[in-house]
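Architecture at a glance
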Amino acid sequence: MSKVAISEPVSIWQLGAPLLEGPAWVERDQALWFVDIKSHKIHRLDPASGATRSWDAPGQIGFLLPIASGGFVAGLQSGLARFDARDGSFLPIVAPEPELPGNRLNDATVDPHGRLWFGSMDDGEEAATGTIYRLGADGACVPSSPPVSITNGPAASPDGRTLYHVDTLGGVIYACDVDDAGLLANRREFVRIPNSEGHPDGPTVDSEGCVWIGLYNGWAVRRYSPQGELIETVSFPVSAITKIAFGGPDLKTVFATTANKHLSPADLKKEPHAGDLFRFDVDVAGQPGALIREGV
């Protein structure tokens with residue numbers, strides 16, 4: 001794998017948010033979209049012009065990903081919904097866990113086949129009630145992982161044959177084989193990260209198949225080879241990095257979401273940019289963002 005030339009991460013949008021998550025580069029409008037889960041917000045950044053815009057969500061929102069036919073799928077505490085940025089409306093699609101009102105949706109990806117994968121978690125971050133789902137072509141939510149408290153990811157390899165998902169409290173990133181029908185097999189431990197080094201949060205896969213992982217309480221983002229070897233560590237001036245996304249015309253600009261909900265007032269003085277949106281540059285591109293083509 002290539003070593004990556006990396007610039008220093010800098011804060012580019014001073015939001016000071018409790019829990020930014022889910023950055024996604026949307027090629028059709030050359031913009032970055034992301035969410036603030038605890039403040040019930042959707043944010044959009046146009047890096048070329050510097051223009052920003054925000055929308056209110058009807059509750060906690062874990063992710064926002066684009067649909068091929070237009071609009072977005074939003075992962076709300078109540079379930080999946082179609083979001084229309086033109087009028088800020090949300091139209092319910094499906095509730096995967098109506099029997100678990102203490103759960104919420106957390107993180108997601110679209111694989112190269114246009115399939116939406118997403119995870120749920122216990123909002124109290126204790127009970128092992130979180131599951132990874134695939135949205136089926138028939139609109140059903142297909143459970144695809146054993147239960148854990150906090151799921152993160154998934155993220156897909158460039159060929160779509162490997163899916164990575166995270167047990168955040170357990171400190172484990174798993175890899176699974178994906179067949180043509182979207183069924184997972186051969187679940188295996190890809191990387192284990194001791195809690196003393198931070199909790200693995202959102203994963204992202206670059207064009208070389210390397211897995212980038214944000215560390216919550218770890219002050220860094222890490223890059224692992226497809227064999228699970230640690231290749232790079234990008235240090236941050238804030239302790240909780242939740243996820244990265246590759247963007248820009250060449251997909252070599254990295255955007256990173258961060259959080260401050262875990263910090264005391266004294267800690268916030270030491271981390272004045274916690275909860276901001278960051279960026280840094282690399283010389284290995286990310287993958288083009290896929291559009292949701294199944295189930296909606």
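Preceding this section is the structure that the text describes.
The paragraphs below set out a description of the structure included in this document. Note that the structure is a prediction, hence the values are computed from the model and not measured. (Residues numbered from 1 in each chain as written. Predicted model: local features only at pLDDT ≥ 70, side-chain atom pairs only at ≥ 80, totals over all residues. Heavy atoms only, no water.)

1. Concerning the sheet that holds strand S6 (residues 61-66)
The strand order across the open sheet built from four strands is S6-S7-S8-S9, with neighbouring strands paired in antiparallel fashion. Because the sheet does not close on itself, it has two edges, and the strands there are S6 and strand S9 (89-94). For this sheet, the mean inter-axis angle between neighbouring strands, taken without regard to orientation, is 30°. (Pairing = 2+ DSSP bridges. Helix = DSSP H or I, 4+ residues; strand = E, 2+ residues; numbered from the N terminus. Axes fitted to C-alpha atoms, helices over the stretch in contact; angles between N-to-C directions.)

2. Here we look at the nonpolar core
Formed by 20 residues in total, the largest nonpolar core has its most connected members in Trp-33, Ile-42, Ile-61, Leu-64 and Phe-83. Counting only elements with at least two residues in this core, the list comes to strand S3 (31-36), S6, strand S7 (72-76) and strand S8 (79-84). Apart from residues lying up to four places away in sequence, Leu-64 is in contact with Ala-24, Trp-33, Val-35, Ile-42, Phe-72, Val-73, Ala-74 and Phe-83. Ile-241, Phe-246, Phe-278 and Val-284 belong to the second-largest nonpolar core, a separate cluster that totals 17 residues. (Core = buried A, V, L, I, M, F, W, Y, C linked by side-chain atoms within 4.5 Å. Buried < 20%, exposed > 50% of the residue type's maximum accessible area, 1.4 Å probe, protein only. Contact = heavy atoms within 4.5 Å.)

3. What about the packing of aromatic side chains?
Summed over all chains, the structure comprises 14 aromatic pairs. Consider the rings of Trp-55 and Phe-83, whose centres lie 5.9 Å apart with planes at 85°: the pair is edge-to-face. Here the residue Trp-55 occupies a position in strand S5 (residues 51-56), and Phe-83 occupies one in strand S8, the gap between them amounting to 28 residues. Taking the relative accessible area as the measure of exposure, Trp-55 reaches 8% and is therefore buried. A residue is classified by how much of its surface remains accessible, and Phe-83, at 0% relative accessible area, is buried. Ring geometry for Trp-212 versus Phe-246: centroids 5.6 Å apart, planes at 80°, classification edge-to-face. Here the residue Trp-212 occupies a position in strand S19 (residues 211-216), and Phe-246 occupies one in strand S22 (residues 241-247), the gap between them amounting to 34 residues. (Phe/Tyr/Trp six-rings, centres within 6.5 Å; stacked < 30°, edge-to-face > 60°.)

4. A look at the environment of Cys-141
Looking at where Cys-141 falls in the secondary structure, it is placed in strand S13 (residues 141-143). For the pair formed by Cys-141 and Thr-129, sequence separation is twelve residues and the distance between their alpha carbons is 15 Å. In this structure, Cys-141 is in contact with Val-94, Pro-96, Phe-118, Tyr-133, Arg-134 and Leu-135, ignoring residues within four places of it in sequence.

5. Section: the pairing of strand S2 (residues 20-26)
Counting buried residues along S2, seven of its seven residues qualify, which places the element largely inside the surrounding structure. Here S2 runs beside S3; their pairing, made up of five bridges, is antiparallel. Counterpart to Ala-24 in the pairing with S3 is Trp-33.

6. Digging into the pattern of salt bridges
Within the structure shown, the criterion is met by 15 salt bridges. Among the ionic pairs, Arg-223 bridges to Asp-206, the shortest N-O distance being 2.9 Å. With Arg-223 in strand S20 (residues 220-224) and Asp-206 in the loop between strand S18 (199-205) and S19, the pair connects residues that are 17 residues apart, well separated along the chain. Accessibility assignment for this pair places Arg-223 and Asp-206 in one class, buried. (Salt bridge = Lys/Arg side-chain N within 4 Å of Asp/Glu carboxyl O.)

7. A short note on the sheet that holds strand S10 (residues 103-110)
The four strands are arranged S10-S11-S12-S13 in an open sheet whose pairing can be described as antiparallel. If you trace the sheet from one side to the other, it starts and ends with S10 and S13, each paired once. Between one strand axis and the next, the sheet turns by 30° as a mean value, whatever way the strands run.

8. Digging into the state of the cysteines
Cysteine pairs can be linked by a disulfide, which is a covalent bond between their two sulfur atoms. Throughout the structure, instances matching the rule amount to zero disulfides. Not engaged in a disulfide, the cysteine Cys-141 finds its nearest cysteine sulfur in Cys-176; these two sulfurs lie 18 Å apart. Looking at Cys-141, the relative accessible area reads 18%, which means it is buried. The closest cysteine sulfur to the non-disulfide-bonded Cys-210 is located on Cys-176, 19 Å from its own sulfur. Accessibility expressed as a relative area gives 0% for Cys-210, which makes it buried. (Disulfide = S-S within 2.5 Å.)

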